[in-house]
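Descriptive analysis of the structure
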Amino acid sequence: MPLNSHNIVILLGTRGSVPVSGEQYLKYGGATLSVFLRLGGTPLVIDCGTGLFSLLPQLAPDERALPVLLSHAHADHLLGLTMAPVMFDEAAQLDIYGAAREGETAERQAGRLFTPPLWPVGISKLPAKTVFHELRPGELPGGISLDVTEGVHPGGVSVMRISGGGKSVVYCSDCCLDEAVFPKIRSFAASCDLLICDGQYTPEEWPTRSGFGHSTWQMASALAAECLARRLRIVHHAPFRSDAELDEMQNSLINIYPGRDFSFGRDGEEIVL
Ligand SMILES: [Zn+2]
Ligand SMILES: [Zn+2]
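Reading guide: rules and limits
Residues numbered from 1 in each chain as written. Chains lettered and ligands numbered in written order. Predicted model: local features only at pLDDT ≥ 70, side-chain atom pairs only at ≥ 80, totals over all residues. Heavy atoms only, no water. Donors = N, O, S within 2.8 Å, 3.2 Å for Na, K, Ca; no water. Tetrahedral: all angles 85-135°; square planar, octahedral: opposite > 155°, others 65-115°. Helix = DSSP H or I, 4+ residues; strand = E, 2+ residues; numbered from the N terminus. Buried < 20%, exposed > 50% of the residue type's maximum accessible area, 1.4 Å probe, protein only. Pairing = 2+ DSSP bridges. Axes fitted to C-alpha atoms, helices over the stretch in contact; angles between N-to-C directions. Contact = heavy atoms within 4.5 Å.

**As for the coordination of the zinc ion (ligand 1)**
Within the protein, Asp76 (OD), His77 (NE2), Asp174 (OD) and His236 (NE2) serve as the donor atoms for the zinc ion (ligand 1), at 2.1 to 2.3 Å. Classification of the site at the zinc ion (ligand 1) rests on its four donor atoms, whose angles at the metal span 92 to 164 degrees, yielding the label irregular. A gap of 3.5 Å separates the zinc ion (ligand 1) and the zinc ion (ligand 2), which Asp174 links by coordinating each metal. With His77 in the loop between strand E4 (65-69) and helix H1 (80-83) and His236 in the loop between strand E12 (231-235) and helix H6 (243-256), this pair connects stretches of sequence that are 159 residues apart. His236 matches His77 in its accessibility class, with the two residues each being buried.

This is the structure in structure tokens:
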């Protein structure tokens, strides 16, 4: 693993909605969304799905305090906070930035999941320290700058542009790229080095799932092409989507956009920017 790369993204988890396991998921993986970034040498994490269980080897001993950006508080983006190894590291401090929604801070939103009868142990009881902050555009420690815009998703979602080390990464998961929001996100993501985008569904599935707050992979790739993203990784794979189906979709994607670095993300994939 090129741990010393100044600008690197590791897709810790790429599955959407619920974690899955089984031999049909070995290539793309079954862990829900979590992404590790190191920009200009500064580490940070986006979302805390079960992919967060793979976090720790990437961190140097003096990097146990790191910012975590939460797109929203749906369970598939929080489940890693239950028992991921980093939560049992006494030296770890996660500064979690999330948007207040419907009058509730991100801490209260997340707290609903980690409360009996849904879960026995609150995250504040775990050895790692967690400190919640309001998610706002601006500067984060370590020379990272953050821009935020609202996407289209039940309950709301923060679409984020993270810049540092001369590179920018746009994270647009759990967003229905409908005609109304598409132009806004296209400008927001313009010329980014990497677009990580929700492309959960196929056009055939779309009619029965259009209100679920996700996009088709064609919407995601159209966004990447139109905003001139240098790379695209499609994420939030449907829980029922097998490796074979994702391979087929990947072949179609390459045929539509030959020569572009566009692909379906895989758990553990490392992207050097
Ligand atoms: Zn999700
Ligand atoms: Zn969601």
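Don't stop here, the text continues.
**A few points about the sheet that holds strand E9 (residues 158-164)**
In space, the seven strands of this open sheet follow the order E7-E8-E9-E10-E11-E12-E13, with mixed pairing throughout. Strands with a single pairing partner mark the edges of an open sheet, and in this sheet they are strand E7 (138-140) and strand E13 (261-264). On average, each strand axis in the sheet is inclined to that of its neighbour by 20 degrees, with strand direction left out of account. Taken together, the four bridges between strand E10 (residues 167-172) and strand E11 (residues 194-198) define a ladder with parallel strand orientation. Following the sheet pairing, Cys172 is matched in E11 by Cys197. Contacting E11, E12 and E13, helix H5 (residues 217-226) crosses the sheet at an angle of about 155 degrees to E11. Where H6 meets the sheet, it contacts E12 and E13, and its direction lies at approximately 160 degrees from that of E13.

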